[in-house]
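Each chain, letter by letter, is given below.
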Amino acid sequence: MTSHHKILAIAASSSFKLLLDCGLFTFDDEDDVNDEDLTYEKDVPIRIKNYIENVVVYYSDNVFQSHFRLSRSVFYNTLLPMIEVSQNNMNNIEKKTGRPEIPIEKQLLSVLWILATPDSYRSVGEKFDMGKSSLSVSFFRVINLIIMNASNVIIWPHGEELERQKELFFRMASIPNVIGAVDGTFIPIKAPKQDAEVYVTRKCNYAITMQAITNAELKFTDVFVGYPGSVSDTRIFRNSDIYVNIMKNEKFYFPNDEHILGDKAYPPLTWCVEPYINRGRLTEAQKNFNFNISRTRQTVERSFALFFGRFRRFKYLDMSRTDFIPSTVLAACVLHNLCLKNKSDANINDYIEEGMNFLRHQRTECPNPAIESSEDHRRTDGKLKRDTMCELYNAK
């Protein structure tokens with residue numbers, strides 16, 4: 001070692017020793033560390049100690065939100081209490097291992113950091129004083145705790161809420177009886193180890209598809225995720241839980257002839273209204289109707305933009321456990337709704353703008369082959385309803 005490098009080694013050793021004495025850093029196995037080990041060339045994993053207690057608590061509200069992508073109020077007043085209840089319920093079922101349990105606040109904040117950033121597990125573990133394996137266990141645990149609450153957070157509108165959503169949608173472009181908008185989006189993933197070819201999208205990358213129905217305030221009212229990227233929106237829609245349930249009991253979901261709005265990939269149904277396909281022969285009334293359907297259903301695109309802008313991990317989800325991806329996406333959708341429930345989120349427009357840039361890149365692909373389902377010229381009940389709506393809309 002040259003004299004220059006010896007000086008750097010001594011300086012580094014002194015700095016690390018000072019940080020250890022101050023209690024700000026810890027080693028994976030402190031019993032194996034002594035003064036002789038503290039050299040510039042020693043490759044010992046170092047992790048920040050008490051990051052939450054010494055750093056996070058002093059974050060301003062804006063800084064807290066910029067890092068964790070949700071407000072301090074949502075975290076401490078809504079999310080953390082909800083997860084603590086779920087954890088207690090889970091602990092009553094699980095057997096105790098006898099190992100010291102990582103505080104649920106630390107587990108939850110570390111998982112939020114993972115979802116909010118593309119940072120590696122090693123980087124996040126160093127920040128929260130957690131080994132890679134402990135962080136991985138915490139991730140799976142927290143995701144499961146969050147989705148235990150999905151049915152209480154992702155809710156189909158009924159009663160007064162249904163009427164309120166109809167009014168909010170009507171204000172957008174005066175289309176009556178709309179209570180939601182449906183669409184699908186790709187979650188880019190790395191190539192799965194099995195059956196990778198079925199996950200290839202029209203852009204020749206790997207992805208799973210998330211189908212969502214959103215309300216007028218950008219909340220998800222239904223989420224269906226897990227189909228590979230090669231599967232058409234039409235097929236996913238017809239196999240989704242919401243489609244099956246509506247076909248069994250349409251009146252429960254649409255008590256007064258309400259409907260959701262889809263794009264050309266979705267079949268014309270009495271409860272799912274799609275635009276007319278433009279082959280150059282549309283009337284002015286039909287073009288006008290299409291334009292205002294587009295204006296109304298922009299809520300689902302904005303919801304997706306907000307989702308990707310807030311939780312940046314989903315711009316490319318690097319997970320080895322392909323089977324756990326749907327749960328991870330669903331958990332983020334729960335968080336998405338919780339954030340919108342609180343009116344203190346001042347960064348929504350910034351997240352939407354960031355997400356829109358990502359979605360514009362996604363859109364540069366071949367035409368959606370799923371529109372073949374709409375090529376049927378038969379006068380179905382769904383098409384009759386759409387024609388009636390078009391006539392009434394343009395007669396005003």
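Given the structure is predicted, the values throughout are model-derived calculations rather than measurements.

### Observations regarding the overall build of the protein
- Counting its secondary structure elements, the protein contains 17 helices and seven strands.
- Split into buried and exposed, the 396 residues of the protein put 48% on the buried side.
- For the protein, long-range pairs separated by at least 24 residues make up 69% of all intrachain contacts whose partners lie at least 6 apart in sequence.
- Total accessible area on the protein stands at roughly 20000 Å², and carbon and sulfur atoms take up 51% of it.

### Digging into the sheet that holds strand β3 (residues 178-188)
- In spatial order, the strands read β5-β4-β3-β6-β7; together these five strands make up an open sheet with mixed pairing. Pairing within the sheet leaves two strands with one partner each, and these edge strands are β5 (220-228) and β7 (272-273).
- Of the pairings in the sheet, the one linking β3 to strand β6 (residues 259-261) comprises three bridges and is parallel in character. Opposite Ala181, over in β6, you have Leu261 as the bridge partner.

### Structural notes on the packing of helix α5 (residues 104-116) against helix α7 (residues 132-147)
- Between α5 and α7, the least distance of the axes is 9 Å, while the angle of their chain directions is 90°. With respect to their mutual orientation, α5 and α7 come out roughly perpendicular. Facing α5, whose interface residues are Ile104, Gln107, Leu108, Ser110, Val111, Ile114 and Leu115, α7 presents Leu135, Ser138, Phe139, Arg141, Val142, Ile143 and Leu145.
- When grouped by side-chain class, the residues that make up the contact of α5 with α7 number 10 nonpolar, three polar and one charged.

### Concerning the pattern of salt bridges
- Inspection of the entire model under this criterion finds 15 salt bridges.
- Glu258 is the partner of Lys166 in a salt bridge, and the nearest nitrogen-oxygen pair spans 3.1 Å. Residue Lys166 is located in helix α9 (residues 159-173), and its partner Glu258 is located in the loop between α12 (250-253) and β6; the two are separated by 92 residues in the primary sequence. Each member of the pair, Lys166 together with Glu258, is buried.
- Lys315 is the salt-bridge partner of Glu354, the closest N and O atoms lying 2.9 Å from each other. With Glu354 in helix α16 (residues 348-363) and Lys315 in the loop between α14 (298-310) and α15 (325-341), this pair connects stretches of sequence that are 39 residues apart.

### As for α14
- Between the first and last C-alpha of α14 there are 18 Å, a value that for 13 residues agrees with the 18 Å anticipated at 1.5 Å per step.
- Burial analysis of α14 places 10 of its 13 residues in the buried class, the great majority of the element.
- For α14, every residue scored as buried is listed here: Thr299, Val300, Ser303, Phe304, Ala305, Leu306, Phe307, Phe308, Gly309 and Arg310.

### A few points about the pairing of β5
- Burial analysis of β5 places seven of its nine residues in the buried class, which makes it a mostly covered element.
- Of the pairings in the sheet, the one linking strand β4 (residues 207-214) to β5 comprises seven bridges and is antiparallel in character. Directly across from Ile208, in β5, lies its bridge partner Pro228.
- Counting the residues between successive antiparallel strands, the hairpin from β4 to β5 contains five residues, one of them, Leu218, with a positive phi of roughly 75°.

### Quick look at the confidence of the model for the protein
- Taken residue by residue, the protein gives an average pLDDT of 85. The fraction at 70 or more is 82%.
- Below a pLDDT of 50 lies the segment residues 1-41, which in the model reaches 43 contacts outside its immediate sequence neighbourhood of four places, other chains included.
- Counting interchain partners and residues more than four positions distant, the pLDDT-below-50 stretch residues 366-378 has 25 contacts.

### Some details on the side chain of Gln107
- Mapped onto the fold, Gln107 is located in helix α5.
- Among the polar contacts listed, one links the side chain of Gln107 to the backbone oxygen of Ile102, at a separation of 2.8 Å.
- In terms of polar contacts, Gln107 uses its side chain to reach the side chain of Ser138, at 3.3 Å.
- Aside from chain neighbours lying at most four places away, what touches Gln107 is Glu101, Ile102, Ser138, Arg141 and Val142.

### Examining the packing of aromatic side chains
- Considering all chains together, one arrives at 28 aromatic pairs under this definition.
- Note on Tyr51 and Phe128: the rings are 5.5 Å apart at their centroids and 80° apart in plane angle, and the pair reads as edge-to-face. Here Phe128 lies in the loop between α6 (121-127) and α7 and Tyr51 lies in helix α2 (residues 51-54), a separation of 77 residues in the sequence. Across this residue pair, the class does not change: Tyr51 and Phe128 are buried.
- On the basis of an interplanar angle of 75° and a centroid distance of 6.1 Å, the ring pair of Trp113 and Phe128 is categorised as edge-to-face. Remark: Phe128 occurs in the loop between α6 and α7 and Trp113 occurs in helix α5; sequence separation between them is 15 residues.
- Taken together, the aromatic side chains of Trp156, Phe237, Tyr243, Phe252, Tyr253, Phe254, Tyr266 and Trp271 make up a single cluster linked through ring pairs.
- In this arrangement the basic side chain of Arg386 is found over the ring face of Tyr276, its NZ or CZ atom lying 4.0 Å from the centre.

Rules used in this analysis
Residues numbered from 1 in each chain as written. Predicted model: local features only at pLDDT ≥ 70, side-chain atom pairs only at ≥ 80, totals over all residues. Heavy atoms only, no water. Helix = DSSP H or I, 4+ residues; strand = E, 2+ residues; numbered from the N terminus. Buried < 20%, exposed > 50% of the residue type's maximum accessible area, 1.4 Å probe, protein only. Contact = heavy atoms within 4.5 Å. Areas by Shrake-Rupley, 256 points an atom, 1.4 Å probe, with all protein chains shown as cover. Pairing = 2+ DSSP bridges. Axes fitted to C-alpha atoms, helices over the stretch in contact; angles between N-to-C directions. Parallel < 35°, antiparallel > 145°, perpendicular 65-115°, else oblique. Nonpolar A, V, L, I, M, F, W, Y, C, P; charged D, E, K, R; others polar. Salt bridge = Lys/Arg side-chain N within 4 Å of Asp/Glu carboxyl O. Expected span 1.5 Å × (residues − 1). pLDDT = per-residue confidence, 0-100. Polar contact = N/O pair within 3.5 Å; in protein donor to acceptor, adjacent residues only side chain to side chain. Phe/Tyr/Trp six-rings, centres within 6.5 Å; stacked < 30°, edge-to-face > 60°. Lys NZ or Arg CZ within 6 Å of the ring centre and 35° of its normal.

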